[in-house]
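# Structural characterization, general
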Amino acid sequence: MPAFPHLAQPLEGPRLRLKNRIAHPAILTLLVKNQEVSEAFLRYHANRAKGGAAMIVVEPVNALSWQTQHQAQLNVYDNAALPGLARLANEVRSHNCRILAQIQDHGRGNYSRARPDITYGPSALPDDESGSVPYPLSGDQVAEMIAAFAASARRLESAGFDGVELSCAHGHLFHQFLSPHSNRRDDRYGGDFASRLRLVQELIAAIRSACGSAFIIGLKLPADEGITGGIDLAEAKRITEALADPHVIDFIAYAWGSQSNTLHWHVPDGHWPRMPHVARVAELRSAAAGIPVMALGRIVDPNEAEAVLTAGQADLVGIGRAMITDPAWARKALRGRGYAIRPCVSCNTCWGSVATPSAITCDNNPALATPGEIDGVPAREQGLRRIVVVGAGVAGLEAAWVAAARGHDVTLFSASSKLGGRARLAAALPGAEALAGVYDYQGAEAQSRGVRIELGIKATIPDILGLAPDDVVLASGARMAWPADLLGDRKAMSAIPDLPSAIAALLAHPGRYAGTAVVIDEDHSSFTYNAVDWLAEHFDHVVLLTSRDTVARHEHRVARQGIIERLLARGVERRLFQLPDLRSEELEEGIVGHRQTIGPGTRRLIEKVTFLAYAAHREPRLELLAPLRTAGHRHRLIGDARAPRTLLHATREGHAAGLDL
Ligand SMILES: Cc1cc2nc3c(=O)[nH]c(=O)nc-3n(C[C@H](O)[C@H](O)[C@H](O)COP(=O)(O)O)c2cc1C
């Protein structure tokens, strides 16, 4: 009996035949180079096929010669990239995994604020992010475009692809035609419900006639786009009913939100419940005429995935971000080794990287798109050494377990009595709980690989050198710096704590607090806003002061949308363009002064303040560096100790150090 019988069950559709129910949905990786399959792109997909997925939908391709060409997306508009595509298809199919490509055009939907030279759309209405107004395609141009897309699908088929998914969601071109919010035409491609659907119907028909009878066509449809006058759940159901012809369609997936303030709905982060969309996917499935429906959205645990299928809420599960983090998600789940999955922590760093735009990254998969992410850390044959790692935050833990996996003798010093460093405090805050998956996984690996973990010991030079190490890794992290530019003389203002220390103290004694909490925010990262969320639940009122023109400046668009939504929902007062202007005598009375940074510099006061903390830049903890240098001992710096950055850099540098030792 397989560990998860429903996940393991093959799917036997007329064309869609899958060895199990686990699919990798379309994920833009930007690993393509010069519009051709690169080694990293091939490796990314080969690893997920080898890792047990039954179907991979490859990210959107450049299917039209006149589309805005993305150098990091595959050329399918002529034959130039065919050999690479064939190699990719061969490799993926050799693992009995189906391979599809996503057919799409962005239309006016632009993920960056920079306005492109020209975009195309159904109607001359502005894009939400860039404000660019598209050129409205004529009816003849739509027909021409459909023919070109069908020719590209045929080209994919000739390269060995099993099918295509039409991206009719996420606010892209086909979605723009489907939605009454963006389609105001009055020709055969707009005006009423039937006309809005025509482009997609004609496209399906054109691909069916261009490609062989076994060719798979899936649809990614909009569910609730969350825009007034747009597609809601009832409309999504009507669209499903109208398009669900089992003779032409092989599966349907759904995307939530759209190119607007609801964009973040499609990648629910840690502030959402797990699988937030599944119940409504089940509702839409009832309109799908028996066509297999793929559930998507924060499905990270095989037990939960199995429950979705057991309850008949969907026929397939799409494991997107969780399969970015662990390519062997399917294999581990199906073999009953779900505990060994390196977990997705729903941070959306992956989304932020491709929206930048740059190649995909993952906070909890430092080996992304390398052979090591599926085959494991390569053991070192010779030259095994004694290694001391100082600091059991994410960087130090990663270096320690990877070095031990290679065969080195590793001792890890942790000043704290618990593993995880800064990430552990972050995980204690609302919405970031899943971050524990990073250091819990590392801790389990460290233990099983035989790392000696010295907890609660602030390592000294004699402690370190007493072990006669061949190499020392300093991963001692960073602490928040005193922002003298903001707060002035440290001695005079010494009573003002930094936010991490202040929130840690409160978390130790949670309760209700009267008065106003004030946070001076020059940090602009999610940690600060998660702390503010917590304060908003425990204080009468919260004020966020920043000298910038916005909040969450260092977060990408989908994270920022969620942050602002929560600040608004919790009534957090945002005071922008403000610098603190503090006076000791006022502080004693619970009064915080601040001054506007532009214009006449008006001074305002916040009263009844019972909590005040600052969030600023961080500085490395380097107490051990100078004595190690003086002792002339071999050492290396990683993570925040090298330069204070993000979780991504911590796992990545820790991993690289572990491999390099
Ligand atoms: C980095 C990233 C890139 C994505 N790129 C695409 C894309 O190109 N086309 C698409 O239809 N969906 C895209 N998505 C959405 C996913 O296909 C999926 O719908 C979403 O991530 C929810 O599934 P998950 O919670 O399993 O990740 C992307 C998501 C992420 C995180």
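The structure under discussion appears in the preceding block.
Here the residue numbering is sequential within each chain, running from 1 through the sequence in written order. Local features in this predicted model are restricted to residues whose pLDDT is 70 or higher, and side-chain atom pairs enter the listing and the counts only when it is 80 or higher, whereas totals over whole chains, interfaces and linings include all residues. Excluding hydrogens and water, the side-chain figures rest on all heavy atoms present in the structure.

### Concerning the sheet that holds strand S11 (residues 293-295)
Within a sheet, each strand pairs with its neighbour through backbone hydrogen bonds, oriented either parallel or antiparallel. Strands are labelled as partners when DSSP assigns at least two bridges between them. Only DSSP runs of H or I reaching four residues or more are called helices, and only runs of E reaching two or more are called strands; each is numbered from the N terminus. Taken in spatial order, the eight strands close into a barrel running S3-S4-S5-S8-S9-S10-S11-S12, and their pairing is parallel. Neighbour-to-neighbour, the strand axes of this sheet turn through a mean angle of 30°, independent of strand direction. Judged from the two bridges that link them, S11 and strand S12 (residues 316-318) form a sheet pairing that is parallel. Residue methionine 294 lies in a different strand from S12, and its bridge partner there is leucine 316. Whether two residues touch is decided by their heavy atoms; if any such pair falls within 4.5 Å, the residues are in contact. Whenever a helix is involved, its axis is fitted only over the stretch in contact; in every case the axis is a line through C-alpha atoms, and angles between N-to-C directions fall within 0 to 180 degrees. Set on the sheet, helix H8 (residues 278-285) makes contact with strand S10 (251-255) and S11; between it and S11 the angle comes to about 175°.

### Thoughts on the sheet that holds strand S15 (residues 452-455)
The five strands lie next to each other as S15-S14-S13-S16-S26, forming an open sheet whose pairing is parallel. Strands with a single pairing partner mark the edges of an open sheet, and in this sheet they are S15 and strand S26 (635-637). In this sheet, neighbouring strand axes are inclined to one another by 15° on average, regardless of whether the strands run parallel or antiparallel. As defined by bridge partners, strand S13 (residues 386-390) adjoins strand S14 (residues 409-414) across five bridges and the pair is classed as parallel. Looking across to S14, one finds that arginine 386 is bridged to aspartate 409.

### With respect to the side chain of threonine 361
On the secondary structure map, threonine 361 appears in the loop between helix H12 (349-355) and helix H13 (372-375). On the basis of relative accessibility, which here comes to 13%, the residue threonine 361 falls in the buried class. The residues touching threonine 361, leaving out its near neighbours within four places in the chain, are Thr349, Cys350, Ser353, Leu368, Leu648 and Arg652. Only protein chains enter the accessibility calculation, which uses a 1.4 Å probe. A residue is then buried if its area is under 20% of the maximum for its type, exposed if over 50%, and partly exposed in between.

### Observations regarding the nonpolar core
What makes a nonpolar core is a set of buried Ala, Val, Leu, Ile, Met, Phe, Trp, Tyr and Cys residues whose side-chain atoms join them at distances within 4.5 Å. Grouped together as the largest cluster of nonpolar side chains are 103 residues, with contacts concentrated most on Phe161, Leu166, Phe174, Leu199 and Ile207. Top contributing element to this core by residue count: helix H6 (residues 193-210), with eight residues. Every residue in contact with leucine 166, bar those within four places of it in the chain, is listed here: Ile103, Leu203, Ile204, Ile207, Ile217, Gly218, Leu219 and Lys220. Ranked by size, the runner-up nonpolar core spans 77 residues in total, among them Trp534, Ala536, Tyr614 and Leu647.

### Concerning the environment of valine 37
Tracing the backbone through its elements, the reader meets valine 37 in the loop between strand S3 (22-24) and helix H2 (39-50). For valine 37, a relative accessible area of 15% gives the class buried. Residues valine 37 and aspartate 363, 326 residues apart in the sequence, show an inter-C-alpha distance of 24 Å. In contact with valine 37, other than residues within four places in its own chain, are Leu42, Leu74, Gly84, Leu85 and Leu88.

### Section: the packing of aromatic side chains
Stacked, tilted and edge-to-face are the three classes assigned to paired rings of Phe, Tyr and Trp, where Trp is represented by its six-membered ring and a pair needs centres within 6.5 Å; plane angles under 30 degrees give stacked, over 60 edge-to-face, the rest tilted. According to the stated counting rule, one finds six aromatic pairs in the structure shown. Look at phenylalanine 149 and phenylalanine 174: their rings are 5.3 Å apart centre to centre, the planes differ by 80°, and that puts the pair in the edge-to-face class. Remark: phenylalanine 174 occurs in helix H5 (residues 173-178) and phenylalanine 149 occurs in helix H4 (residues 139-158); sequence separation between them is 25 residues. The two residues phenylalanine 149 and phenylalanine 174 agree in class, both being buried. With centroids separated by 6.2 Å and ring planes inclined at 80°, the aromatic side chains of tryptophan 401 and tyrosine 441 adopt a geometry described as edge-to-face. Taken together, the residues span a long stretch of sequence, with tryptophan 401 in helix H14 (residues 394-405) and tyrosine 441 in helix H16 (residues 436-448) at a distance of 40 residues. The pair formed by tryptophan 401 and tyrosine 441 is uniform in burial state, with each residue classed as buried. Through pairs of rings, three or more aromatic residues link up here, namely Tyr513, Phe539 and Phe611. The ring of tyrosine 44 has arginine 48 sitting right over it, with the charged end atom 3.8 Å from the ring centre. Directly above the ring of phenylalanine 193 sits arginine 238, whose terminal nitrogen or CZ lies 3.9 Å from the centroid. Sitting over a ring, as applied to charges here, requires NZ of Lys or CZ of Arg to be within 6 Å of the ring centre and within 35 degrees of the ring normal.

Fair warning: the whole summary comes from geometry, so function is off the table for now.
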